[in-house]
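Fold and geometry: a report
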Amino acid sequence: MNLLEIFTDIKNAFSGLWQTKQRGNSLEIITPYATTNNRFVSVFLSKQGDDYVISDGGWLNSGVYEVAVGEETCFLKILYHFQNSFEIKQIANAEGITYYYLKTANAIDIPSKLFDLTLFIQNIVSVSEIAFEDKEEKAKPLMS
Amino acid sequence: MKLAENWWDEMRNPITGFKVGSHKSNTRLKDDDFPEIKIMSDTLGFKMTKEDPNQNITFL
């Protein structure tokens with residue numbers, strides 16, 4: 001195999017991983033992007049009025065990825081960094097579950113928005129696996 | 001990485017004819033060497049997989 005064939009193989013293998021599932025009026029898009037706890041990232045595409053919405057379906061906040069989104073300062077700095085970088089919006093539903101999402105009126109912008117939201121979810125789920133130092137641990141005196 | 005879906009193991013590259021992921025670097029590895037990657041909606045119950053997560057929310 002020459003390098004171009006290998007690249008074609010990579011491209012085909014990668015694009016073969018995309019899947020979809022119809023979920024009511026939304027389409028679940030299962031992306032080829034995986035978290036460090038080995039979960040493929042899903043996003044949900046729907047049309048609301050004239051806008052297209054791409055959301056995480058509330059999965060980050062409700063624990064579907066089997067990680068708890070932390071409240072430590074270190075973690076929140078990372079969360080806000082990614083949220084600001086990708087301009088991710090958030091809203092809570094009636095049950096208090098936070099949804100992270102992006103919206104656009106132009107269908108041509110959807111791939112870019114989907115990519116940003118996917119990377120956001122991938123990063124936040126992966127970072128949520130890190131055990132940050134807690135207050136008690138920080139307050140302990142160093143052993144001499 | 002080893003994927004969770006069986007169909008993936010049978011996929012063939014239309015150009016090379018090789019099974020996808022069957023290149024030499026994989027042949028000396030055991031299945032246990034690869035983590036399985038889960039599709040989370042496959043792990044949800046019937047009701048959950050029928051629900052539209054974006055319904056009943058007005059995205060501002």
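Above this text is the structure in question.
One structure accompanies this document, and this report is about it. (Residues numbered from 1 in each chain as written. Chains lettered and ligands numbered in written order. Predicted model: local features only at pLDDT ≥ 70, side-chain atom pairs only at ≥ 80, totals over all residues. Heavy atoms only, no water.)

Observations concerning the overall build of chain A
Within chain A, the regular secondary structure consists of 5 helices and 6 strands. Against the globule reference of 15 Å for 144 residues, chain A gives a C-alpha radius of gyration of 18 Å, more extended than a compact globule. Each principal axis of the C-alpha distribution contributes one length, and for chain A these read about 60 × 50 × 25 Å. By residue count, 43% of the 144 residues in chain A fall in the buried class. Considering only residue pairs separated by 6 or more positions, chain A has 52% of its internal contacts joining residues 24 or more positions apart. Summed over all atoms, the accessible surface of chain A reaches about 8200 Å², with 54% contributed by carbon and sulfur. Between the centroid of the 12 positive side chains of chain A and the centroid of its 18 negative side chains there is a distance of 3 Å. (Helix = DSSP H or I, 4+ residues; strand = E, 2+ residues; numbered from the N terminus. Rg over C-alpha atoms; globule rule 2.2 N^0.38 Å. Buried < 20%, exposed > 50% of the residue type's maximum accessible area, 1.4 Å probe, protein only. Contact = heavy atoms within 4.5 Å. Areas by Shrake-Rupley, 256 points an atom, 1.4 Å probe, with all protein chains shown as cover. Lys, Arg positive; Asp, Glu negative; His and termini not counted. Charge placed at Lys NZ, Arg CZ, Asp CG, Glu CD.)

Some details on the pairing of strand S4 (residues 51-55) of chain A
Residue and element names in this part refer to chain A. Inspection of the sheet shows strand S3 (residues 39-48) paired to S4 by 5 bridges, in the antiparallel sense. Residue pairing for S4: Lys-47 is matched across the bridge by Tyr-52. Where S3 folds back on S4, the antiparallel hairpin that results is connected by 2 residues, among which Gly-49 adopts a positive phi of roughly 65°. (Pairing = 2+ DSSP bridges.)

Structural notes on the layout of surface pockets
The space that makes up the second largest pocket amounts to roughly 330 Å³. Lining the second largest pocket are 19 residues, with Gly-57, Asn-93 and Tyr-99 of chain A together with Glu-51 and Pro-53 of chain B positioned closest to its centre. Partitioning the lining of the second largest pocket into residue classes produces 9 nonpolar, 6 polar and 4 charged. (1 Å grid on protein atoms, 1.4 Å probe; cavity = no way out; pocket = protein on both sides within 12 Å on 5 of 7 lines; lining within 4 Å. Points joined across faces, edges and corners; volume = space filled by probe spheres on them. Nonpolar A, V, L, I, M, F, W, Y, C, P; charged D, E, K, R; others polar.)

Considerations on the environment of Asp-42 of chain B
Tracing the backbone through its elements, the reader meets Asp-42 of chain B in helix H3 (residues 40-43). Reaching out from Asp-42 of chain B, the side chain makes a polar contact with the side chain of Lys-21 of chain A at a distance of 2.4 Å. (Polar contact = N/O pair within 3.5 Å; in protein donor to acceptor, adjacent residues only side chain to side chain.)

Brief notes about helix H3 (residues 73-85) of chain A
Residue and element names in this part refer to chain A. Compared with an ideal rise of 1.5 Å per residue, which puts 13 residues at 18 Å, H3 spans 18 Å between its outermost C-alpha atoms and is within 8% of the ideal. Of the positions making up H3, those classed as buried are Phe-75, Leu-79, Phe-82 and Gln-83. Seen along its axis, H3 keeps its buried residues to an arc of 100°; they face one direction. Seen from the open side of H3, the exposed residues pointing more than 90 degrees away from its buried face are Thr-73, Lys-77 and Asn-84. (Expected span 1.5 Å × (residues − 1). Arc of directions from axis to C-beta.)

Notes on the interface of chain A and chain B
With 35 residues of chain A in contact, the opposing surface of chain B contributes 32 residues. With both chains or domains summed, chain A and chain B bury close to 2900 Å², and 59% of this area falls on carbon and sulfur atoms. On the chain A side of the interface with chain B, the three residues burying the most area are Arg-23, Asn-38 and Phe-40 of chain A, jointly 22% of the side's total. For the interface between chain A and chain B, the tally reads 18 residue pairs in polar contact (both at pLDDT 80 or more). The set of elements that each furnish at least two residues to the side of chain A that touches chain B consists of helix H1 (3-15), strand S1 (19-23), strand S2 (26-34), S3, S4, strand S5 (89-92) and strand S6 (98-104) of chain A. It is S3 of chain A that contributes the most residues to the side of chain A that touches chain B, 5 residues altogether. Of the residues in the side of chain A that touches chain B, the class split is 14 nonpolar, 13 polar and 8 charged. Pairing between S3 of chain A and strand S2 (residues 36-39) of chain B: 2 bridges, direction parallel. The residue of S2 of chain B that forms the bridge with Phe-40 of chain A is Ile-39 of chain B. (Buried area = accessible area lost by both parts, 1.4 Å probe.)

From the geometry alone we can't say anything about function, so treat these as descriptive.
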